[in-house]
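Listed below, chain by chain, are the residues.
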Amino acid sequence: QKEVEQDPGPLSVPEGAIVSLNCTYSNSAFQYFMWYRQYSRKGPELLMYTYSSGNKEDGRFTAQVDKSSKYISLFIRDSQPSDSATYLCAMKVQAGTALIFGKGTTLSVSS
Amino acid sequence: DTGVSQDPRHKITKRGQNVTFRCDPISEHNRLYWYRQTLGQGPEFLTYFQNEAQLEKSRLLSDRFSAERPKGSFSTLEIQRTEQGDSAMYLCASSPGTAALWVPFYSGNTIYFGEGSWLTVV
């Protein structure tokens with residue numbers, strides 16, 4: 001079992017839909033949780049960064065962390081065609097430097 | 001453009017040849033990272049520099065790989081005697097943090113990635 005599991009999709013939704021992206025993990029020592037967006041053949045771009053449990057909102061994006069279930073989510077409201085990309089979750093333990101990534105979920109938003 | 005810069009963006013090489021990638025981090029970022037990403041997978045950590053010191057290396061970084069950051073600014077990643085399994089995108093990232101440990105909500109934790117260097121070994 002990999003440390004971080006993420007359904008690769010693809011996920012297809014119509015414009016304006018609410019999108020839910022999820023990751024599960026096995027290492028209870030993870031404390032830092034991030035979501036990156038990656039367009040085709042580009043580097044990952046940081047969307048959201050949260051520490052420990054709880055919610056964080058930034059515009060149309062909401063990140064949730066449930067450490068008791070070892071489950072994190074990213075919600076995208078009012079999805080746009082420009083949101084079409086691969087979304088990567090990433091995690092890190094307190095004292096480590098390496099980010100552990102999921103495989104990424106490919107999202108397609110149609111107009 | 002003040003982001004992380006990587007060069008070359010694409011490299012095709014024959015098996016057995018050596019290749020070198022360069023990374024210029026965001027100005028004054030102390031931390032620099034190298035990751036590797038293959039198709040359909042998330043990035044995998046290779047190595048980490050705090051200024052010029054290479055403080056952490058992944059087991060993925062075989063003896064054929066060497067990374068340097070001689071003056072604490074730009075970094076190079078060299079792959080010797082390339083193999084077809086080395087075909088991947090090599091990502092460089094940087095962050096401004098100087099703390100030995102991550103501090104919650106510290107902006108220096110934010111890691112910025114470059115556009116990547118694609119390597120194809122034929």
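Here the structure is a predicted model, which means the values were calculated and not measured. (Residues numbered from 1 in each chain as written. Chains lettered and ligands numbered in written order. Predicted model: local features only at pLDDT ≥ 70, side-chain atom pairs only at ≥ 80, totals over all residues. Heavy atoms only, no water.)

A.B. asks: Would you mind showing me how to read the nonpolar core here?
C.D. replies: As a rule of thumb, soluble globular proteins bury nonpolar side chains together. Formed by 24 residues in total, the largest nonpolar core has its most connected members in W35, I72, L74, I76, Y87 and M91 of chain A. Mapped by element, the contributors of at least two residues to this core are β3 (19-25), β4 (30-38), β5 (45-51), β7 (61-66), β8 (71-76), β9 (85-93) and β11 (105-110) of chain A. (Core = buried A, V, L, I, M, F, W, Y, C linked by side-chain atoms within 4.5 Å. Buried < 20%, exposed > 50% of the residue type's maximum accessible area, 1.4 Å probe, protein only. Helix = DSSP H or I, 4+ residues; strand = E, 2+ residues; numbered from the N terminus.)

A.B. asks: I tried to follow the side chain of T97 of chain A on my own but got confused; where do I start?
C.D. replies: Residue position: T97 of chain A is located in the loop between β9 and β10 (100-101). Side chain to side chain, T97 of chain A and E56 of chain B meet in a polar contact 2.3 Å long. Leave out the neighbours within four places in its chain, and T97 of chain A touches K92 of chain A together with Y33, Y35, F45, Y48 and E56 of chain B. (Polar contact = N/O pair within 3.5 Å; in protein donor to acceptor, adjacent residues only side chain to side chain. Contact = heavy atoms within 4.5 Å.)

A.B. asks: For this particular structure, what's the right way to read the state of the cysteines?
C.D. replies: By definition, a disulfide links two cysteine residues through a covalent bond between their sulfur atoms. Residue and element names in this part refer to chain A. Applying the stated rule across the entire model yields 2 disulfides over all chains. A sulfur-sulfur separation of 2.0 Å characterises the disulfide bridge that pairs C23 with C89. Between C23 and C89, the S-S torsion sits near -100°, and that sign places the bridge as left-handed. With C23 in strand β3 and C89 in strand β9, the pair connects residues that are 66 residues apart, well separated along the chain. (Disulfide = S-S within 2.5 Å.)

A.B. asks: Hey, could you run me through the packing of aromatic side chains in this one?
C.D. replies: Taken as a whole, this structure holds 13 aromatic pairs over all chains when the rule is applied. Judged by centre distance (5.8 Å) and plane angle (65°), the rings of Y25 of chain A and F30 of chain A are edge-to-face. Neither residue differs from the other here; Y25 of chain A and F30 of chain A are each classed as buried. Among the aromatic side chains, those forming a connected cluster through ring pairs are Y36 and F101 of chain A together with Y35, F45 and F113 of chain B. Its guanidinium or amino end placed over the ring of F74 of chain B, R22 of chain B lies 4.0 Å from that ring's centre, counting from NZ or CZ. (Phe/Tyr/Trp six-rings, centres within 6.5 Å; stacked < 30°, edge-to-face > 60°. Lys NZ or Arg CZ within 6 Å of the ring centre and 35° of its normal.)

A.B. asks: What exactly am I supposed to notice about the environment of K92 of chain A here?
C.D. replies: Residues and elements named next belong to chain A. Along the chain, the position of K92 falls in strand β9. On the accessibility criterion, K92 (0% relative accessible area) is buried. Distance in space between the C-alpha atoms of K92 and Q31 is 6.1 Å, their sequence separation being 61 residues.

A.B. asks: Teacher, can you tell me more about the pattern of salt bridges here?
C.D. replies: Oppositely charged side chains are able to pair whenever their charged atoms sit close together. Tallying each qualifying case throughout the model produces 7 salt bridges over all chains. A salt bridge links E57 of chain A to R77 of chain A, with the nearest nitrogen and oxygen atoms 3.4 Å apart. Of the two residues, E57 of chain A sits in strand β6 (residues 54-58) while R77 of chain A sits in the loop between β8 and β9, which places them 20 residues apart along the sequence. On the basis of relative accessible area, E57 of chain A is assigned to the exposed category, the value being 59%. Two residues, R64 of chain B and D86 of chain B, come together in a salt bridge whose shortest N-O distance is 2.8 Å. Taken together, the residues R64 of chain B in the loop between β6 (53-57) and β7 (65-68) and D86 of chain B in the loop between β8 (75-79) and β9 (88-95) connect sequence positions 22 residues apart. Classification of R64 of chain B by relative accessible area gives buried; the value is 12%. Under the relative-accessibility criterion, D86 of chain B is labelled buried at 3%. Several salt bridges share partner residues, and in doing so they unite R64, E83 and D86 of chain B into one network. (Salt bridge = Lys/Arg side-chain N within 4 Å of Asp/Glu carboxyl O.)

The values are spatial; any link to function lies outside them.
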